[in-house]
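Residue-level structural notes
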Amino acid sequence: MRIAIRSVISAGLLGLSALLSVAAQAQTAYPSRPITIIVPFAPGGNLDVTTRIVGAELSKILGQPIAVENKAGAGGAIGHQALARANPDGYTLLTTANGSFTVTPRLQQGKRPFEAREFAPIGMIGITPQVLEVRGTEKFKTFNDFLSYAKANPGKVSVGHSGNGTTNHIALLQLEEAAGIKLNIVPYKGSGPALSDLLGGQIDAVVDQLPSSMSYLKSGKLSPLAVTTAKRAPDLPEVPTFVEFGLKNFDVSTASGLLAPANTPPSVIEQLNKALNQALQNKDVADRLIGLGSAPTPMSSKQFSEFLMSEDAKAEALEKRGLLVVE
């Protein structure tokens, strides 16, 4: 009998020990290991550049290494799908943009590649103007030169962008509609490859965000023709807007932010949001982003979620106008 009792007690203690071990692991402070941030486009583009700047500061704040992993393709869909499949533990995140999050799913045939409900918004990083740019030696010296040639030669002007469904793509579709022109629109797996082809003379122009183009613009290798926002970009004050050229109500910009998989613990989302906003308020980080043409925009996870919902409504309106062509 004593042996039996001892066995029961021993088994109970082992069980209790196991439960305490599990509880201790569950209570381990987040984060306790490295974090990966997926960038759904090729290296060298707007999201890649801003993610690496912000990620370095996040690493300091959170006390863990942060790796940036580029998963390019399908206008950002491949990267978003990878995040949706990741464990909802806060160790795999993604930098999204308003176009790839709301427009890309609408450009696919059949089932959408991902749904908004598969993600938990963390917070916004920044808002970035876009620019229509050409090589410094290009025949188009002004936007009016570009427009006149495009009207006289439908489909003959090739303009690259960072991927179908991105705000760069949307800006070109709206430019065609507003200006009454037909362009040869060429999609890439990110701004980096598009800029490489523009510099090499394979295409005539690119619509890109300022962070990934600013160094080329400053060096004179590329020349800006017009910006896509309603007001002039602070970093390109001499460059007119499309609105100034008579394209009424033209206002397209890129908003970037962080996402986690759905069902990530709210406490983890809150911690990541606080860390992100702290990073954006760091003077060095803010100055670097502003220097690249991106305005840091801290907000709560709820505010970022509401922003994405409003962007989704805009994408639906574009779809109803027939601007989003299913490929």
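Read on for a plain summary of the structure. These numbers come from a predicted model, not from an experiment.

Right, let's get into the overall build of the protein. A tally of helices and strands in the protein yields 11 helices and 10 strands. Expressed as lengths along the three principal axes of its C-alpha atoms, the size of the protein is roughly 100 × 45 × 35 Å. Buried positions account for 50% of the 327 residues belonging to the protein. Residue pairs at least 24 apart in sequence account for 76% of intrachain contacts in the protein once pairs closer than 6 positions are excluded. Approximately 14900 Å² of the protein is accessible, and the part contributed by carbon and sulfur atoms is 54%.

Another point: helix 11 (residues 301-320). In a regular helix each residue adds 1.5 Å, so 20 residues correspond to 28 Å; helix 11 covers 29 Å between its end C-alpha atoms and thus fits that length. Looking at helix 11, one finds that the buried residues are Phe304, Phe307, Leu308, Glu311, Ala315 and Leu318. In a view along the axis of helix 11, the buried residues occupy a sector of 100 degrees, so they form one face of it. Across from the buried face of helix 11, at angles greater than 90 degrees, the exposed residues are Lys302, Met309 and Lys320. In this structure, the buried side of helix 11 is in contact with strand 3 (92-97), helix 4 (98-102), strand 4 (119-135), helix 6 (167-179) and strand 9 (253-261). Positive phi shows up at Gly322, right after helix 11, with a value of about 80 degrees.

What follows covers the nonpolar core. Core analysis: the biggest nonpolar cluster contains 24 residues, and Val54 and Leu58 have the highest contact counts within it. Counting only elements with at least two residues in this core, the list comes to strand 1 (35-39), helix 2 (46-62), strand 4, strand 9, helix 9 (266-280) and helix 10 (283-291). Looking at this core, the element that brings in the most residues is helix 9, giving seven residues. Contacts of Val54, omitting those with residues within four sequence positions, involve Ile125, Leu276, Ala279, Leu280, Val285 and Leu289. By size, the runner-up hydrophobic cluster in this structure holds 23 residues, among which are Leu183, Val207, Leu247 and Phe250.

Of all the positions in helix 7 (residues 191-199), only Ser191, Ala194, Leu195 and Leu198 are classed as buried. End-on view of helix 7: buried residues confined to an arc of 95 degrees, all on one side of the axis. Backbone geometry just after helix 7 places Gly201 at a positive phi near 85 degrees.

Any two side chains of opposite charge can pair, given that their charged atoms come close. Considering all chains together, one arrives at 12 salt bridges under this definition. Lys320 serves as the salt-bridge partner of Glu316, at 3.7 Å between the closest nitrogen and oxygen. One end of the pair is Glu316 and the other is Lys320, both in helix 11 and four residues apart, which spans about a single turn. The partly exposed category is assigned to Glu316, whose relative accessible area is 34%. Through salt bridges with shared partners, a single ionic network connects Arg106, Asp312 and Glu319.

Roughly 460 Å³ of internal volume is contained in the largest pocket. For the lining of the largest pocket, the secondary structure elements donating two or more residues are helix 4, helix 6, strand 9 and helix 11. For the lining of the largest pocket, the element with the most residues is helix 11, which contributes six residues. The space that makes up the second largest pocket amounts to roughly 160 Å³.

Conventions used here
- Residues numbered from 1 in each chain as written.
- Predicted model: local features only at pLDDT ≥ 70, side-chain atom pairs only at ≥ 80, totals over all residues.
- Heavy atoms only, no water.
- Helix = DSSP H or I, 4+ residues; strand = E, 2+ residues; numbered from the N terminus.
- Buried < 20%, exposed > 50% of the residue type's maximum accessible area, 1.4 Å probe, protein only.
- Contact = heavy atoms within 4.5 Å.
- Areas by Shrake-Rupley, 256 points an atom, 1.4 Å probe, with all protein chains shown as cover.
- Expected span 1.5 Å × (residues − 1).
- Arc of directions from axis to C-beta.
- Core = buried A, V, L, I, M, F, W, Y, C linked by side-chain atoms within 4.5 Å.
- Salt bridge = Lys/Arg side-chain N within 4 Å of Asp/Glu carboxyl O.
- 1 Å grid on protein atoms, 1.4 Å probe; cavity = no way out; pocket = protein on both sides within 12 Å on 5 of 7 lines; lining within 4 Å.
- Points joined across faces, edges and corners; volume = space filled by probe spheres on them.

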